[in-house]
Every structure is written in structure tokens, then in C-alpha cells.
Amino acid sequence: MKFAVIENEFGEVGVDEKIIPESVDEEVIEVMNGCICCTVRGDLVEALKRLHTRMDKFDGVIIETTGLADPAPVVQTFFVDEEIPTMYSLDSVITVVDAKVILDRLAEEKPEGVENESVEQVCFADKILLNKTDLADETKLKKIEGEVRKLNPTAPILRCLHSKVSPKELLNIRAFDLKRVLDFDPEFLDPDQEHEHDSTVSSVSCRIKGNVNQHMLSRWIGRLIQEDGANLYRYKGILAIKGVEEKFIFQGVGMLFDGNISDMKWGVPEAERENIFVFIGKNLDHQWLKDCFQACIVTDNLRFKVGDKVQANIGEYTNGTIKKVWDDGNAYRIELDDADKTNVYAPIDVDTYVKAR
């Protein structure tokens, strides 16, 4: 089966489309810079209508909303718009639940009149994937399932790791039941319903050309999630590491960070590589995040060139020779003047790591 994917990014910059291999035969349409349930809802309708003109190319449409979306207005689109119901039928609403943080999210107190999106997403689900089960013990998993069933007693719950679930559990299951939705939300079909997001939650996104010093980036990201991880709901990005031909792809939730150099090569000259990142969270300092990332970009010329005689700090300063610059993300690879011709790295071009003889 082939699918078109409508992907909603809360921020101004999309990431996911950039990491889908060109060989994948799905079409991705990004709906940007707003929550698909409100500010860019009209874009969703237009995207669905455009796709319908090419239905011969795929078997269905998958809508991936931002994690901050209220599912009600998205689902409502398939019933109250004049044309969409004649073009599509809604198969199911799938909600992915993060075993690490879901209990905190469900219990989070919101200002008066502001919806708890996590609660809404669980309530509207026809099937729930309880993901990251390796990060919770059996006692916690059962507690999560109990809390979820209080909100939605009819939706099956599938435990999973890395969201690995058979497609048969998710596609063409005909699980959506309008009567069930109307039972807990009698005004569901009212097109004038209003909902309000938490104004303290925002996104900051950025595109910056250049190459990143991997050591500085690692130190900054480590400090960021350690000090402010509780306020980071979601973050992800694609980075160009100086001296590395492959893309560095990262993503995280709270203090759980996952990032690695992928097997996807850039395919463009080093000078044309573009870093992309998105942070979504509470009380974010937008300019500070952008400034910190900018500080990780390699801008200055290196002090030494290949063949220069230097001293490398390996606990004490030891004589050596520069063998390569920007090697595997490090500013220098240095061959020490010892019997084994030991090679060491200087990750940053400062005297703390390497200095002139």
C-alpha cells in the first residue's frame, strides 16, 4: 500500500521530511507554523482536496499532527466540511503515549479555559500505542494503563518499543465510531466550538548554514536538558558536523536525548549544508536558544595546519604534529612524538587542548 502523509509542524521549520529517504514512495505534505487543529486548519482542508485529485497514486492519507493538537477539530473536518466527507472516510485515530512522561502530562494543571491536549488525545483515540515501555517498570505501565482507561475505556492499548507495531494493527481497521465521540462530546459537530492552547507553550525553530563543532554542541545540549529538560516537550533536528560527511540527526523528549551520526550523506558541498532544529516547550527563551546554537557553528580559521609542530594536552602538554584538521568532528588529529606515534584528538581549537610549541 502507498500513502500520502500530511505532517503538521508546530514551528516554522520542518524536520521530518528532510530525513525520509528519497527512495521512499510516499508523498509528504508539510502543514507549517501552527497547530493543525486551529491556526492552519484551513491548510489541512486544502491539502486533502489537492491530494484527492491524485488518488490513483496512493491508497490512503496519514495525518500526523503536532503533539500539541486537539484531535477534535481535526476529526471534525471529515464531517462538517461540505466536500471532504464525499472524498474520504475516517478509518481511525491513533494516539501514541510516552510511558516516560504521560502521567505527568495527564496530571498537568492548565489555566482556566485551556485544554490539556494529552487528555484530549487519549479520549479521542480509537487505539492507543503505549510506547517506550523499556523506560517504565511493570508497576508503572499498569498504572498508566489504568489512568488511560479511566479516560477512554474502549480503546485497545498496545505496548510497544520504538513504536514498532504491525501495520495491520493501524491501517484499515475501521475503528472510528462517531456515536462514541458524541457520547463524551455532544457538541463535537458544532463548527463554532472554540479551544484554547496554553500560551506559555511555544516553539522555536531555526535554519542556519554552516558546520557545527560536535564537542561544543554536545556540551551545550547536555547542559540544556540537564537544566531545563522538564520544560522541553519535544525537540529534533538535522545538523552538519564539521569534518563529517553524514547528517547528525537528533530528537528528544524532556531529558531523554537521542542523537547519532546517520548513514545519510549530505550530497551537497560543505558550504551549502543547512542545520535545522525545532524546540517545543514551556517558557522557552527563543533568542537564547538561537544564540547558543549559533555559538556552536564553526566560523574561525584554525590556528594550525597539517604538519605544524604543537603540544597536545593529554594530562600534560606533549609534543606532537598536526596530522589532519577537522577529523571526525574534531578540530585536530595530532600524532604524538612517542615511540608508538600515538594519535589523539583536540576537539576545539583552544590552548586547553592544543598550543604552539
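Going by the structure above, here's the rest.
Our subject in this report is the structure included herewith. The model shown is predicted, which means the values in this text are computed figures rather than measured ones.

### Some points on the overall build of the chain
(1) Moving on: Scanning the chain from N- to C-terminus turns up 9 helices and 16 strands.
(2) Moving on: Looking at the chain residue by residue over its 357 residues, the buried ones come to 46%.
(3) Moving on: Sequence-distant contacts in the chain: of pairs separated by 6 or more residues, those separated by 24 or more amount to 66%.
(4) Moving on: Summed over its atoms, the accessible surface of the chain is roughly 18800 Å², and 48% of this surface lies on carbon and sulfur atoms.

### Some remarks on the sheet that holds strand β16 (residues 354–356)
The strands that make up a sheet pair up through hydrogen bonds in the backbone, lying either parallel or antiparallel.
(1) Moving on: Spatial ordering of the open sheet is given by β15-β14-β13-β12-β16, a layout of 5 strands whose pairing is antiparallel. The open sheet has two edge strands, β15 (343–346) and β16, and neither has a second partner. The mean inter-strand angle of the sheet, taken between neighbouring strand axes irrespective of direction, is 45 degrees.
(2) Moving on: Here 6 bridges tie strand β13 (residues 317–327) to strand β14 (residues 330–336), and the two strands are oriented antiparallel to one another. The residue of β14 that forms the bridge with Ile322 is Ile334.

### Re the environment of Arg159
(1) Moving on: Relative to the helices and strands, Arg159 is located in strand β6 (residues 157–159).
(2) Moving on: Between the C-alpha atoms of Arg159 and Thr133, which are 26 residues apart in sequence, the distance is 6.7 Å.
(3) Moving on: Discounting residues that sit within four places of it in the chain, Arg159 has contacts with Leu130, Thr133, Glu138, Leu141, Lys142 and Glu145.
(4) Moving on: Separated by 2.9 Å, the side chains of Arg159 and Glu138 make a polar contact.
(5) Moving on: A distance of 2.8 Å separates a polar atom in the side chain of Arg159 from a polar atom in the side chain of Glu145.

### Focus on the packing of helix α8 (residues 214–228) against helix α9 (residues 286–295)
(1) Moving on: Contact pair α8 / α9: the axes reach a minimum separation of 9 Å and the direction vectors enclose 155 degrees. Relative to α9, the element α8 lies roughly antiparallel. On the side of α8, the interface is formed by Met216, Leu217, Trp220 and Leu224, while α9 contributes Trp288, Leu289, Cys292, Phe293 and Ala295.
(2) Moving on: A class-by-class count of the residues in the contact of α8 with α9 yields 9 nonpolar, no polar and no charged.

Definitions and cut-offs
Residues numbered from 1 in each chain as written. Predicted model: local features only at pLDDT ≥ 70, side-chain atom pairs only at ≥ 80, totals over all residues. Heavy atoms only, no water. Helix = DSSP H or I, 4+ residues; strand = E, 2+ residues; numbered from the N terminus. Buried < 20%, exposed > 50% of the residue type's maximum accessible area, 1.4 Å probe, protein only. Contact = heavy atoms within 4.5 Å. Areas by Shrake-Rupley, 256 points an atom, 1.4 Å probe, with all protein chains shown as cover. Pairing = 2+ DSSP bridges. Axes fitted to C-alpha atoms, helices over the stretch in contact; angles between N-to-C directions. Polar contact = N/O pair within 3.5 Å; in protein donor to acceptor, adjacent residues only side chain to side chain. Parallel < 35°, antiparallel > 145°, perpendicular 65-115°, else oblique. Nonpolar A, V, L, I, M, F, W, Y, C, P; charged D, E, K, R; others polar.

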